[in-house]
Amino acid sequence: FAEPVGLPVMLTTESSMLATDSSCAVSPIHLLPKNETGALDFIQASDGKWDGRGVRVAVFDTGVDPGAIGLSVTSHGERKMYDLHDCTGDGDVDMSKKATVEVVDGIKRVKGASGRVLQLGEHDVPSEVRVGKFEAFRLFPSPLIKRFKAERARIASQWRSELLAKEQSTLDSHISEHGAKPKGEEEISRERIEAGVSALNNLDKWFSDKGPVVDIISWTAGDGTPYALVDANFDGNLGNRPALKPFKYDGQFDTFGQELALNYAVNQFDGGNTASMVVDCGSHGTHVAGIIAACHPDRPELNGVAPGAQIVGCKIGDQRVTSEETIVALIRALKVAIDCECKVINLSFGEPSAFCESGILKKFLDDAVYRHGVTFVSSASNSGPALSTVGSPGGSLDSIISVGAHVTEAMMDAEYSMRKQTDRTNYTWSSRGPARDGALGVSVSAPGGAITCVPTWTQKKHQLMNGTSMSSPNTAGCIALLLSAAVNQGVCTSPVLLKRCIENSAIQVAGVEPFALGCGFIQVPAAWDLIKSSSDLEGAHVPFKIDVAGGRGIYIRNADLCDRMQEIAVSVAPAFTVDDSSETKVNFAMELSLRCDAPWVSAPSFVAMMTGGRVFNVEVECQKLSPGVHYAEILAFDSKGNGPFFRVPISVTKPETIPTDGDPSLRLFRQSLSDHTISRTFLNVPEGATKCNISVVTKELEGKPILAIATNQLVHGVPFDEVELGKFQHLLPFTSYNFSCTAVPGHILEVALAKYWASVNPCLVDVEISFDGPQVVVCDHASIDSQKRAMKTGMISLSPCEPSPFSVKGVPRAGTYSLASSLHHLVRDVSPSGKPVIKSLDERSTFWDSMQLYEMKLSYSTKVSQKGKLVVRVPSISKLLYDCPLATQMWYLKDSNGQVLAIGDGLYDYPADVKKGDYKIDLILTHHDRSVLERVYSKSVISLRFKIEKISLQAYSSINNALERSGSSSSVTLKHLHGVHRYLMPPAADDLPKGIKPGDRLIGSLMLTPKESKPQENHFTAAGSVQVVYLHSAKAASESSESEACSSAGEDQSKEAVERRLNKDIGKSAIKYLEKLSKGSSENDINAFDTVLASLLDRTEDKAPIFMSEAKAKLKWGKKKVCADANDDAGKSLLSRTVAAANEVIASLDLTELALYQTVKEDLKVSDAIARKKAKIKKASMEKKKKQYIAALSTKMAAAALIEDVSSALDAFTSLRQWDAVKDDGKASSERIRMEARGFVLQKDFGRAVNTLLTWIEKHDGHGDKDVLDLLQQCCQDCSWQLWSDAIVANIKCEFP
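So, the packing of aromatic side chains
Step number 1: Per the stated rule, a full pass over the model turns up 28 aromatic pairs.
Step number 2: Measuring from centroid to centroid gives 5.8 Å for Trp219 and Tyr227, while their planes differ by 15 degrees, and the two rings are stacked. Just as Trp219 is buried, Tyr227 falls in that class too.
Step number 3: Plain terms: the ring middles of Tyr427 and Trp757 are 5.0 Å apart, the flat faces sit at 80 degrees to each other, and that makes the pair edge-to-face. Of this pair, Tyr427 sits in the loop between β20 (425-426) and β21 (444-447) while Trp757 sits in the loop between β39 (748-755) and β40 (763-772), and the two are 330 residues apart along the sequence.

Some remarks on the confidence of the model for the chain
Step number 1: Taken residue by residue, the chain gives an average pLDDT of 87. The fraction at 70 or more is 91%.
Step number 2: Every residue in residues 781-792 scores below 50 in pLDDT, and together they form 26 contacts with partners more than four places removed in sequence or on other chains.
Step number 3: Between residues 1013-1022, whose pLDDT stays under 50, and residues either more than four places distant or in other chains, the model counts 17 contacts.

Some remarks on the sheet that holds strand β13 (residues 274-279)
Step number 1: Pairing within the open sheet is antiparallel, and its 4 strands lie in the order β3-β13-β12-β11. For this open sheet the edge positions go to β3 (92-94) and β11 (254-256), each flanked by a neighbour on one side alone. Within the sheet, the average angular offset between the axes of one strand and its neighbour, ignoring direction, is 40 degrees.
Step number 2: As defined by bridge partners, β11 adjoins strand β12 (residues 262-269) across 3 bridges and the pair is classed as antiparallel. Bridging from a neighbouring strand, Asp254 pairs with Tyr264 of β12.

So, the sheet that holds strand β24 (residues 544-547)
Step number 1: Taken in spatial order, the 4 strands of this open sheet run β24-β26-β30-β28, and their pairing is antiparallel. Each end of this open sheet is capped by a strand with a single partner; those strands are β24 and β28 (601-602).
Step number 2: By the bridge criterion, 2 bridges tie β28 to strand β30 (residues 614-621) in an arrangement that is antiparallel. In the sheet register, Val601 faces β30, and the bridge partner there is Val620.

Cut-offs used in this document
- In this numbering scheme, every chain counts its residues from 1 along its sequence in written order.
- Local features in this predicted model are restricted to residues of pLDDT 70 or higher, and side-chain atom pairs are both shown and tallied only at a pLDDT of 80 or more, whereas totals for entire chains, interfaces and linings draw on every residue.
- Each side-chain value is worked out from all heavy atoms of the structure, with water and hydrogens disregarded.
- By convention, a stacked pair of Phe, Tyr or Trp rings (six-membered ring in the case of Trp) has centres within 6.5 Å and planes under 30 degrees apart, an edge-to-face pair has planes over 60 apart, and any other such pair is tilted.
- Three exposure classes are used, based on accessible area relative to the maximum for each residue type with a 1.4 Å probe and protein chains only: buried under 20%, partly exposed in between, and exposed over 50%.
- Only DSSP runs of H or I covering at least 4 residues are called helices, and only runs of E covering at least 2 are called strands; the numbering of each starts at the N terminus.
- pLDDT: the predictor's confidence for each residue, scored from 0 to 100.
- Whether two residues are in contact is decided by their heavy atoms: any pair within 4.5 Å suffices.
- Two strands qualify as a pair provided DSSP detects at least 2 bridges between them.
- What counts as an axis is a line fitted to C-alpha atoms, over the stretch in contact for a helix, and the angles between N-to-C directions run from 0 to 180 degrees.

Take a look at the structure:
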């Protein structure tokens, strides 16, 4: 849930609320809550000594700004930011390329990786440095990119206006001097001036700002210290930038642009081959760090919870995937935290997951907690108020302290400026337990809102944020205080003891359920008292593993189990690590008493715990419980009453009884929604239902309260966010509001209604919950002609040749429904091409126990036949993150230029805009066991999903109608529990999308929606649906191949004909051999080419193709030499030979015959077969000659222009225009369009050249190939339009990496 519109959620400046004069009724200390948890009293009681000093806290987040206000120093004067790391790799810059530093006119300079010459100023750099580059917009936070683009657009607009004014002035002067319609040379001049004005306007419309390309250089000093210089002002002057060491050395950082105010640090890895740019991807992480440990020496009331603690910033939000966390980033961050000796980690991230206590992260995280002594704190998530909405990893891993978000009266007053406060409570949106495996899911709750520092690039000093993202760092700060006290007092602690004491000392809040509050609201002084008294107890530092049939608690949410007593086996065992000694395990023994106050739970009263663990049975008398949710705990204490040492949570959701005889609905009258009250209704979804409809009718209301409505079902293997409903609704009196959500039959559905936490006045509502949705049942294809069809629910699989039968039943209610079916996506499975490439990663991915991450790269190729959206999925690991068995599952979609168009991972879809062409996908998979990659994933298939134009399918009432495609059925009338049969036909061959290949699937759906004569009387949107899949057969393709194979059967086999074909094939082979030689560029290659060329010319009768191959090869070689050095005689000689070779081709052609062919076309539709065949042969021959002629003219023009033979170049250009070879009909090649543009350039008509190129780019989806863009840039350069020239250079570097 996000905050609803209309509520205050954000403060942009400190001055908005931080008044300190006597007129301020609220102390600023409540802007960042510390009183409620006892944190402030705890610090003051120690004379400030237990304020987090001596403790380092790692912040796993979007990055932390080292220049943010409040993050400079600790309370005792140490550097606040101990270290900064980008653990994602999105800031990695390849520095493997080296360059030589030159001194020119006393100025040190080096050519950067971008091609720009960089001034080095007075920096003491060696004679050779490493160079790299990166795109600024690849790293910058999205809000900053928007602001930066706007500023760049403003500057460009100002520059363009000045230039346009100048061009317009020139035009006005020309009109004044030569009139409106000049003649002769002045007419040509007028056209050029007008074209220049037009070109400037067209450039502005076309241009897309891809941001600056930033250069970076690095080197290692004699003492082994690595340094880096970044062109942070984008001007090539590195002399005014600081030479940065890795941040850990002395906390160095720099800033991108004064107005951008984006701070960054640079770390180096892999012996200097990789520079890691550490840049925020959002403001979230800095705010989190401020809550934990901000320190304001002049305004201590604004301090974070632990102002004496140091921060280690670990960026785990990956900019490549919209700042989402990645598992490899989290694993690397764990290494950083351990290496920096952090004792607390805060993760204010999380995602829904389908499984608990699973995934590759669990091993690394458990090791960090239980073996390295790091306490891990995480947010519970913001998906409440429905039950079982805790996210991962907070609610899914037992080693983590999961924190819910609480709001107190003082916070309502100070942070939200509420005129009237409600009672303290957990925020409505704070996620609730239990976890899907039975654990409570929320450990404790803490203040879930704060006003504190944000990054300088936001141009704000402080900001209000709320969420479990804020309650988690508040708890992390509290733990830092406890650890600071323990260090000061010499008390032994561990993550296990800290978590247990925090939970056991937390206070209950009246009216707040344990699913939201957890074990209670955190209290620092009480937790400290428990730590001191418990530290030396037997088992104080030993974690206990609860196992209930694979879960971490008892969770009964099955309707069949809720009406009778359940006897459940519970296993509890101490969880020792590999580092624990045999002596520790042998000597472990505890005598524990078990307590449970719930009368409906029966458990043993005593258990003798030993190393191997114990199993005991628990009876849960569900039959005694009323409908609703019920919670109890079995608590384990030692013989002296210390504890509890472990808790066994027990949750039961018992459904209401609803009718199943045609009207499955439940009416709840006058539901009172007040503070803390959440109305929860549980219903067992009846068989056949697909939708749940909820109607809420308000009564008389005070004010405009906000209703939170949420539904949830637990479906095995499906994250809750795929089946939940979550809405905030502003309510008006005497109004009906209607909602619907997906319902899965046979699973308990929860409907939760709550008054939003900030709504002051209670409200009364009537609620009706009903189920609807006809059931679609599919027949087995194999039994289509059988009297006894096998029926099942599922997808309809379409056969290419016959109808697919299905049945629609009126379950759970009768009605008339519209029936519509269509296919809307093409899915193609692609196997990897070539062998996988596996390598070990650098030192960031080397861990304890000699563990090492390995990366496997798989490459795939595909062809796209039309413009559209493309989604890449990896079916075997799709929709997984925290429960994923791999550390990385990231893909890169690249076009034929190598430009990365889209990047994604397995959790979410990242649609990419594609056009017709060839594409490559690189899939990166990472694991710590190389053999797993080789055995399990080396042949991973990816699925490519294209959105296509909708293909409508028709359903028929009988098989005969279906086969005849007559009398289609668009609606069905259903009776309760009775069904009707229909037949769905596959798409016709003509309807199939262009480019479909054998094995491709077309995916769509069959939908049934209520057909009502008066839809305004029906508040529900019930529908039944089933997936439809069409598998494209390989039969047509095989028939086509067979036809092609036999097409040469009737050829002339005479001796003369065979010799002609043989000579033709020899000629083709000769051309291919010349093309192969032309790929080289050394003098030996050129000499070898000339030798073979001379031999072929002596032995070949048709010399035109040979000369054409010579012209193309020598144009390439000559152009390369002349572009590098305009005075290169060898290059000029090659280009002169190009002109000569092109002239030889032209001379070999009968231009009169070719012109006659152009004028009088052969009639290919004559009735005589022999005449028609001759016409086709002649057409093919003449088209081939025309193509040769145009290619020769184009090559001649390009070579002549390069050696400034203007006469020859213009002659070729004139001939090309006469032959209409440069007319752009939307299908012209880039070579043809460049010909026309070059012709205008030769005539100094740069405006028309620019317009010609831009018109072609526009007709090709706004994309130009590199040669077109190079020419466009050169035209702008020749016009002295420097801003556009530089911008196009930057675009070229981004689009053609």
